[in-house]
Amino acid sequence: MKIHEYQAKELFKDFGIPVPEGSVAHTKEEVLEIADKIGYPCVIKAQVHAGGRGKAGGVKLAKNRDEALRFAEEIIGMHIKNIQTGVQGKKVRKVLVEKGVNIVNELYIALIIDREKAMPVIIASLEGGMEIEKVAEKHPERIFKEYIHPVTGLSNFHNIRLSFKLGLNKKQRGIFSKLVSNLYKLFNEKDASIVEINPLIITNTEELIALDAKVNFDDNALVKHSDIMGLRDIHEEDPFEVEASRYELNYIKLDGNIGCMVNGAGLAMATMDILKYYKGEPANFLDVGGGTSEERIKEAFKILIADKNVKVVFINIFGGIVRTDIVASGVINAARSLNVNIPVVIVLRGTNEKQARKIIDESGLNFISEIDFKKAALKSVELSTGD
Amino acid sequence: MSILANKNSRVIVQGFTGKEGSFHASQMIEYGTNIVGGVTPGKGGHTHLNKPVFNTVEEAVINEGANVSIIFVPAIFAGDAILEAVNTGIELVICISEGIPVQDMVKVKHYLNTTNSTLIGPNCPGVITPNEAKVGIMPAHIHKKGKIGIISRSGTLTYAAVNQISNQGMGQSTSVGIGGDPIIGSDFVDILKLFVKDEETEAVVMIGEIGGSMEEKAAIYIKKHFNKPVIAFISGQTAPPGRRMGHAGAIITGGKGYAKEKMRVLKDNGIHIVENPAEIGSTLKKVLTR
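About the criteria used
- Per chain, the residues get numbers from 1 upward, laid out in the order the sequence is written.
- Labels follow written order: the first chain is A, the first ligand is 1, and so on.
- Two thresholds apply to this predicted model, a pLDDT of at least 70 for residue-level local features and 80 or more for giving and counting side-chain atom pairs, whereas whole-chain, interface and lining totals are computed over all residues.
- To get the side-chain values, take all heavy atoms of the structure and skip hydrogens and water.
- Following DSSP output, two strands are said to pair if at least two bridges run between them.
- To qualify as a helix, a DSSP run of H or I must reach at least 4 residues; to qualify as a strand, a run of E must reach at least 2; elements of each kind are numbered from the N terminus.
- What makes two residues a contact is simply this: any of their non-hydrogen atoms within 4.5 Å.
- Only C-alpha atoms enter the line fits that serve as axes; for helices the fit covers just the stretch in contact. Angles between N-to-C directions range over 0 to 180 degrees.
- By buried area we mean the combined loss of accessible area, with a 1.4 Å probe, across both parts when two parts are placed together.
- Whenever Lys or Arg places a side-chain nitrogen within 4 Å of a carboxyl oxygen from Asp or Glu, that contact is recorded as a salt bridge.
- Here a polar contact is taken to be a pair of N or O atoms separated by no more than 3.5 Å, where protein atoms must pair a possible hydrogen donor with a possible acceptor and residues adjacent in sequence count only if both atoms sit in side chains.
- Following the grouping adopted for this structure description, the nonpolar residues are Ala, Val, Leu, Ile, Met, Phe, Trp, Tyr, Cys and Pro, the charged ones are Asp, Glu, Lys and Arg, and the polar ones are all others, Gly among them.
- Disulfides are defined in this document as cysteine sulfur pairs within 2.5 Å.
- For each residue, the accessible area found with a 1.4 Å probe, counting protein chains only, is set against the maximum for its type, and the residue is called buried under 20%, exposed over 50%, and partly exposed in between.
- Under the convention used throughout, the expected extent of a helix is 1.5 Å for every residue step, that is, one less than its residue count.
- Residues belong to a common nonpolar core when they are buried Ala, Val, Leu, Ile, Met, Phe, Trp, Tyr or Cys residues joined through side-chain atoms within 4.5 Å.
- Any residue with relative accessible area above 30% and no salt bridge may belong to a patch, with like charges joined within 9 Å and the nonpolar Val, Leu, Ile, Met, Phe, Trp and Tyr side chains within 5 Å.
- Per-residue accessibility takes into account occlusion by the displayed protein chains alone, with areas from the Shrake-Rupley method and a 1.4 Å probe.

Hydrogen bonds between backbone atoms are what pair the strands of a sheet, whose relative direction is either parallel or antiparallel. Taken in spatial order, the seven strands line up as β9-β8-β11-β10-β12-β13-β14 (chain B) in an open sheet, and their pairing is mixed. Each having just a single partner strand, β9 (133-136) and β14 (272-273) of chain B make up the two edges of the open sheet. As defined by bridge partners, strand β8 (residues 126-129) of chain B adjoins β9 of chain B across four bridges and the pair is classed as antiparallel. Each residue of the ladder has a partner; that of T129 of chain B, found in β9 of chain B, is A133 of chain B. Where helix α9 (residues 265-277) of chain A meets the sheet, it contacts β12 (203-209) and β13 (230-235) of chain B, and its direction lies at approximately 85° from that of β13 of chain B.

The following block contains the structure:
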């Protein structure tokens, strides 16, 4: 799960990680109120779940009250558009207003789980403010890593090693160690999947301040953290995906016209792959999961046909945990109650497949029932390209 | 022969009396798996599905000599269930549960490394050695005894592949679902090391997916040490980067984990690549009759 920068900074404050003075605003009046309080110059930053906000014009430095007003009007309500946001872009509904700070040096620091080594890793660099992937590619020698074994946890030597590699002076090393320890504590206690500060700045008074803040959380651990769950902002998510998540359906919207309903993530990806292989375009990834019920199937069907791009529905179910006869009746009931008038190609294999096919055949609905995955894929592509 | 599970395996079910545990335990018993009991704390002394229930894995080991455990407990407790089984010295632990927090698995993985136990999963369909033992949730009827080893990060896609292989008249030695999480007990290389020694296995089908680099590691291992034909399919060739495709581990991040790159590395190391998921069985047949 992603959260906004201002929310991440609130968490940082709770964990003793210094951030610039500031607050979130929803209107230009609120922007001015905050700016007047913290003083000028101040920075106004669009709060959306996407990077590249600066380049898109969503981050501005206001030298005085007039500028603050002008930038607030510009940024609130604008759409941030880049590769991360898709063609529609993301509407800015709130901004973070922060006091300007004197930057002497910009560092980078992050904590993630390294899946190959199966442990958290601290990544630090002197190239703060840059895209870290690019730094890693061009200058891997400028990136320093410390892997944290679960037996030791973060220990002081990790911090010391990093701070010497970063060339920090004695005073900075002390502050840095404390900051990294707090960052690790946050990462660990809240089951974060990434905590990133880019840039972590050193000021002219030798303070270390998190100028930006990114924190994502492990979705699987959210049940342990109701406080974190409360930070979810559904405005930032695709409405179809929000609806799907209410029924524990794994749905990802894509740009094609073949609506896919599949059980299991691997088979769902393979279904997209085979459609593309035959020059078709999947409209979505949809995994209805293992122990699925008739109700969930029905909701999945609803979401699929609510996407107006969808010209044909391809249902591909291989029953292991899930019984295919339950899927069949779920699909039939949904198709009846929703008056589906686009073609539906359906493959049901596995547990109770004979009963399932019987349910489909006897439904009186005009479904194209296939036993063969390949034939079904070809049929779906054919139906999606015809007029 | 076969790998991991066979007719001599003495299997217990952790989360035995729960809904999922009960359903799949009865399916496994029906298949002929030697289920010797189950574990549900607080229900020790009872009988469930005509098998004894124990409070702890330790009791099950002492009383029934269990050496394999399959885990169905809810994700939030599953990390602890794995630790208990491993700590008790269970040789093979198979965790079906999906949704274990990654940081729980960090601990499990490093503890596991200090023991002789093998963990399969989590978030996997389990292991089946046809006609001997099914320690998992896969539909039994699609499997057939034979000479093809299967290793997969997926569940249902594996069933589809098994179905294709059986339809081509070929059976399986053992089929292993290693799981779709970013941190899992055994990866492709771990299972390949078992298949290389298994005389019954003549060829291996690998089903990988986007995310991580365990397919690339397997490619290098195969080139150096694996002398049997391997065919591979990688799902997620059309998946957008930065999105978690259902499985927690199926995500392209920081420009890494693309299907295309995995397929290239596999191909460069002599593995037969299948691009069309409907042609896994037919490609295997072609490779073996060449």
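This part is about the interface of chain B and chain A. Taken together, the contact pairs 55 residues of chain B with 48 residues of chain A. Together, the buried faces of chain B and chain A total about 4,000 Å²; carbon and sulfur atoms form 60% of this surface. Ranking the residues of chain B by area buried against chain A places Q103, H110 and T238 of chain B at the top, with a combined share of 16%. One can count three salt bridges joining chain B with chain A. Between E279 of chain B and K374 of chain A there is a salt bridge whose closest N-O contact spans 3.2 Å. Counting across the chain B and chain A interface gives 16 residue pairs in polar contact (both at pLDDT 80 or more). Counting only elements with at least two residues in the side of chain B that touches chain A, the list comes to α1 (19-31), α4 (102-112), α5 (156-167) and β13 of chain B. At seven residues, the largest contribution of residues to the side of chain B that touches chain A is made by α4 of chain B. When its residues are assigned to classes, the side of chain B that touches chain A shows 24 nonpolar, 20 polar and 11 charged.

Right, let's get into the state of the cysteines. Residue and element names in this part refer to chain B. Summed over the entire model, instances satisfying the criterion amount to zero disulfides over all chains. Considering cysteine sulfurs only, C95 is the nearest to C124, which forms no disulfide, with 7.1 Å between them. Residue class for C124 comes out buried when judged on its relative accessible area of 4%.

Attention shifts here to helix α6 (residues 170-189) of chain A. All names here are of chain A. Between the first and last C-alpha of α6 there are 29 Å, a value that for 20 residues agrees with the 28 Å anticipated at 1.5 Å per step. Every buried residue belonging to α6 is among Q172, F176, S177, L179, V180, N182, L183, Y184, L186 and F187, and all of these are buried. Here α6 starts with a cap whose side-chain oxygen sits 3.2 Å from the backbone nitrogen of K171, and that cap is N169. Positive phi shows up at D191, right after α6, with a value of about 50°.

Membership of the largest hydrophobic core comes to 97 residues, with the highest contact counts inside it found for F314 of chain A together with I70, I94, V205 and M245 of chain B. If one sorts the elements of this core by residue count, α9 of chain A sits on top with eight residues. If you look at the next biggest cluster of nonpolar residues, it comprises 67 residues, including M1, L179 and V180 of chain A together with V93 of chain B.

What follows deals with the pairing of strand β4 (residues 51-54) of chain B. All names here are of chain B. Where strand β2 (residues 35-39) meets β4, two bridges bridge the pair, whose relative direction is parallel. What sits directly across from V39, in β4, is F54. In this sheet, β4 lies alongside strand β3 (residues 47-48) in antiparallel orientation, the contact comprising two bridges. Note on β4: the bridge partner recorded for H48 is K51. Counted along the chain from β3 to the antiparallel partner β4, the turn is two residues long, and its residue L49 has a positive phi close to 55°.

With that settled, the discussion passes to the side chain of Q7 of chain A. All names here are of chain A. Among the structural elements, Q7 can be located in helix α1 (residues 5-14). Using a relative accessible area of 8% as the deciding quantity, one classes Q7 as buried. Of the polar contacts made by the side chain of Q7, one reaches the backbone nitrogen of H4; its length is 2.7 Å.

On to the pattern of salt bridges, then. Residue and element names in this part refer to chain A. Inspection of every chain in the model, using the stated rule, returns 39 salt bridges over all chains. K94 is the salt-bridge partner of D233, the closest N and O atoms lying 3.7 Å from each other. Separated by 139 residues along the polypeptide, D233 in the loop between α7 (226-229) and α8 (239-246) and K94 in the loop between β5 (90-91) and β6 (95-99) bring together distant segments of the chain. Overall, the relative accessible area of 10% leaves D233 in the buried class. Two residues, K224 and D191, come together in a salt bridge whose shortest N-O distance is 3.3 Å. In this pair, K224 is assigned in the loop between β12 (214-217) and α7 and D191 in the loop between α6 and β10 (192-203), connecting sequence segments 33 residues apart.

All right, on to the sheet that holds strand β1 (residues 11-14) of chain B then. All names here are of chain B. Taken in spatial order, the seven strands of this open sheet run β3-β4-β2-β1-β5-β6-β7, and their pairing is mixed. Lying at the two open borders of the sheet, with one neighbouring strand each, are β3 and β7 (118-120). Across the face of the sheet, α1 comes into contact with β1, β2, β3, β4 and β5 (68-71) while running at roughly 165° to β1.

Below, the discussion takes up a nonpolar patch on the surface. Together, V223 of chain A together with I76 and F77 of chain B line one region of the surface with nonpolar side chains, adding up to about 300 Å² of accessible area. Secondary-structure assignment places V223 of chain A in the loop between β12 and α7. According to the relative accessible area criterion, V223 of chain A is exposed, its value standing at 64%.

Glancing now at the environment of E146 of chain A. Residue and element names in this part refer to chain A. Position of E146 among the secondary structure elements: in strand β9 (residues 143-147). In this structure the C-alpha to C-alpha distance between E146 and I123, which are 23 residues apart in sequence, comes to 6.8 Å. Residues within four places of E146 in sequence aside, it is in contact with P120, V121, I122, H158, R161, L162 and K165. Within the structure, the side chain of E146 is placed 2.8 Å from the side chain of R161, a separation counted as a polar contact.

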